[in-house]
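# Examining the three-dimensional arrangement
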Amino acid sequence: MSHLWRPLCLLSLLLVLTASSVFAASEAEDWTKLSAQKTELIANLKELQAAYQTAETKADKDQIAKEFEAARTEYQTKVFPRLAELAPKIFAADPKNTEAGEAALESAFQANRYDAAVKLATALASAGDKSMIVQNMGGISLFATHEFEKAHEWLAAAEKEGVLHPQLGQRYLDVSEEYVQLWEKEQAVRAKEAQAKGDALLPRVQFDTTKGKIVMELYENEAPNTVANFVSLIESKSYDGTKFHRVIPTFMAQGGDPLSKDDNPQDDGTGGPGYVIKCECYQPNARMHFRGSLSMAHTGKDTGGSQFFITHLPTAHLNPDASLPRGHTVFGRVVEGLDIAASLQIGDRIETATVLRKRNHAYKPETQPDNRRR
């Protein structure tokens, strides 16, 4: 087999190089080299894991752990980033290169670029790739882009084929049918909002961040006090200079803490405006979490203040459940700059926050003293 493997690899490389002039020969060579390095590192990591379990002394375990960390760091900082950069070019030139396709898919998925992930997963599936990574990331990306019926079909097929991830894919399969109905309701509300005129128009605000501009429309009809709080904080310049202090890929980006303005990250996420407001997520007309939802962060019911988050995809577990009680108040959504919101990382800053339009009344929230211990 080994005498056949090398000619086949060379032939594959030749096809990649001649199929497209988009990338240079050196990039194709890099891909081949890094792909082999990735395989070797993953095999090494598995061996080290097994060795750690059977190691008899603490010194041996410490040495194995040190080697494991070095190999993991090499993969995460040197190998995978470059593979992710090259993968779309390699796959575009050679659609049969499923390794490149899967690497491109994983990169797009982790960067919250779900539209690109859907296209990549669809292309891989059409080429016969029914792997766990394709089936799960493809299904979740369909869910993220509000294609809930397709997401259910995709993930249900993955379950039937035995490749549904027990945590990731399963979570979205369980709520995909529910979200079909939630999305129909949400679309009807948005269509009605689009017909509003004059003082019935919803308020809009803009964040000029270090990554770019994000414009958000605020749900004053369903969450009037939360919106009043947000607008008043923007107009008092409370958000100017604050950082996004908590960012979780494929979940959300959180900001709004005044303590994040300084260079000390230790207390980021613990601050607020000095008061709290009540949740507004338990009313019958409460909005649910979809892609690009603007929602109130808190540490328990009725403890919201200035911190907020923007979701990267629909998050069912944050929707209100009065029986627990559990839930976060959705009080707006991104209408421009969704790609900017998706690209936010820890430390990215709101340079200025501006109210673009509002209704003809005062925006003064009802507040309560913040008696929480910090």
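To start, this report covers the structure provided alongside it.

Calculation rules
- For every chain, the first residue of the written sequence is number 1, and numbering continues from 1 along that sequence.
- Note on the predicted model: pLDDT of at least 70 is required for a residue's local features to be given, and 80 or more for side-chain atom pairs to be given and counted; whole-chain, interface and lining totals, by contrast, use all residues.
- Hydrogens and water molecules were not included; the side-chain quantities draw on all heavy atoms of the structure.
- Starting at the N terminus, helices and strands are each numbered in turn, a helix being any DSSP run of H or I of at least four residues and a strand any DSSP run of E of at least two.
- Every helix has an expected span of 1.5 Å times one less than the residues it contains.
- Burial here depends on accessible area, computed with a 1.4 Å probe over protein chains only, as a share of the maximum for the residue type. Under 20% is buried, over 50% is exposed, and the range in between is partly exposed.
- For cavity detection a 1 Å grid was placed over the protein atoms alone, and a set of points counts as a cavity when a 1.4 Å probe fits there but cannot get out; an open set counts as a pocket when protein lies on both sides within 12 Å along at least five of seven lines, with lining residues being those that have an atom within 4 Å of a point.
- Grid points are joined across faces, edges and corners, and a volume is the space filled by probe spheres set on the points.
- Three categories are distinguished: nonpolar for Ala, Val, Leu, Ile, Met, Phe, Trp, Tyr, Cys and Pro, charged for Asp, Glu, Lys and Arg, and polar for the others, with Gly belonging to the last.
- Patch building starts from residues that exceed 30% relative accessible area and form no salt bridge, then joins like charges within 9 Å and nonpolar side chains (Val, Leu, Ile, Met, Phe, Trp, Tyr) within 5 Å.
- Surface accessibility in these figures is a Shrake-Rupley result with a 1.4 Å probe; residues are shielded only by whichever protein chains are displayed.
- For this analysis, a salt bridge means a side-chain nitrogen from Lys or Arg found within 4 Å of a carboxyl oxygen belonging to Asp or Glu.
- Charge counting follows a simple rule: Lys and Arg are positive, Asp and Glu are negative, and His as well as the terminal groups are ignored.
- Note that the charge is assigned to NZ on lysines, CZ on arginines, CG on aspartates and CD on glutamates.
- In this description, contact between two residues means that some pair of their heavy atoms is separated by no more than 4.5 Å.
- Only buried residues count toward a nonpolar core, which is a set of Ala, Val, Leu, Ile, Met, Phe, Trp, Tyr and Cys residues joined through side-chain atoms within 4.5 Å.

This part is about helix 2 (residues 25–54). Along its 30 residues, helix 2 runs 44 Å from first to last C-alpha, staying within 8% of the 44 Å computed at 1.5 Å per residue. Here helix 2 has its buried residues at Glu27, Ala28, Trp31, Leu34, Ser35, Leu41, Leu45 and Leu48.

Let's shift gears to empty space enclosed by the protein. The full count for this structure, using the stated rule, is 2 cavities of 30 Å³ or more. Estimated volume of the largest cavity: approximately 40 Å³. In terms of lining, the largest cavity is formed by Asn112, Tyr114, Arg291, Thr311, His312, Leu338, Ala341 and Ala342. Split by residue class, the lining of the largest cavity holds 4 nonpolar, 3 polar and 1 charged. In this model, the second largest cavity occupies a volume close to 40 Å³. What lines the second largest cavity is simply Thr226, Ile277, Lys278, Cys279, Glu280, Met296, His298, Gly304 and Thr329. When its residues are assigned to classes, the lining of the second largest cavity shows 3 nonpolar, 4 polar and 2 charged.

So, about a negative patch on the surface. A surface patch of negative charge is lined by Glu147, Glu149, Glu153 and Glu184. Along the polypeptide, Glu153 turns up in helix 7 (residues 148–160).

This part is about the side chain of Arg190. Take Arg190: it is sitting in helix 8 (residues 168–194). Not counting residues within four places of it along the chain, the set of residues in contact with Arg190 comprises Trp183, Tyr219, Arg287, Phe290 and Arg333.

Assignment of secondary structure puts Glu336 in strand 8 (residues 330–336). Overall, Glu336 belongs to the partly exposed group, its relative accessible area being 37%. Taking the C-alpha atoms as reference points, Glu336 and Thr311, 25 residues apart in sequence, are found 14 Å from one another. Apart from residues no more than four positions distant in its own chain, Glu336 is found in contact with Arg204, Lys213, Ile214 and Val215.

A separate point is the nonpolar core. In this structure, Trp31, Leu105, Val134, Phe143, Phe148, Tyr179 and Phe290 are the most contacted members of the largest nonpolar core, which totals 50 residues. When contributions to this core are tallied by element, the ones reaching two or more residues are helix 2, helix 3 (58–93), helix 4 (98–110), helix 5 (114–126), helix 6 (132–144), helix 7 and helix 8. The dominant element in this core, judged by the number of residues it contributes, is helix 3, at 8 residues. Look past the residues within four positions of Val134 in its chain and what remains in contact with it is Glu102, Leu105, Ala121, Leu124, Ala125, Asp129, Gly139 and Trp154. Formed by 30 residues, the second largest nonpolar core is a distinct cluster that contains Val205, Ala253, Phe308 and Val334.

With an omega of -15°, the peptide bond running from Leu324 to Pro325 counts as cis. Along the polypeptide, Pro325 turns up in the loop between strand 7 (308–311) and strand 8. With a phi close to 65°, Lys237 is a non-glycine residue in the positive phi region. Counting through the fold element by element, Lys237 comes out in the loop between helix 9 (224–235) and strand 3 (244–248). If you check the backbone angles, Thr250 has positive phi at about 60° while not being a glycine. Mapping Thr250 onto the fold places it in the loop between strand 3 and strand 4 (252–255).

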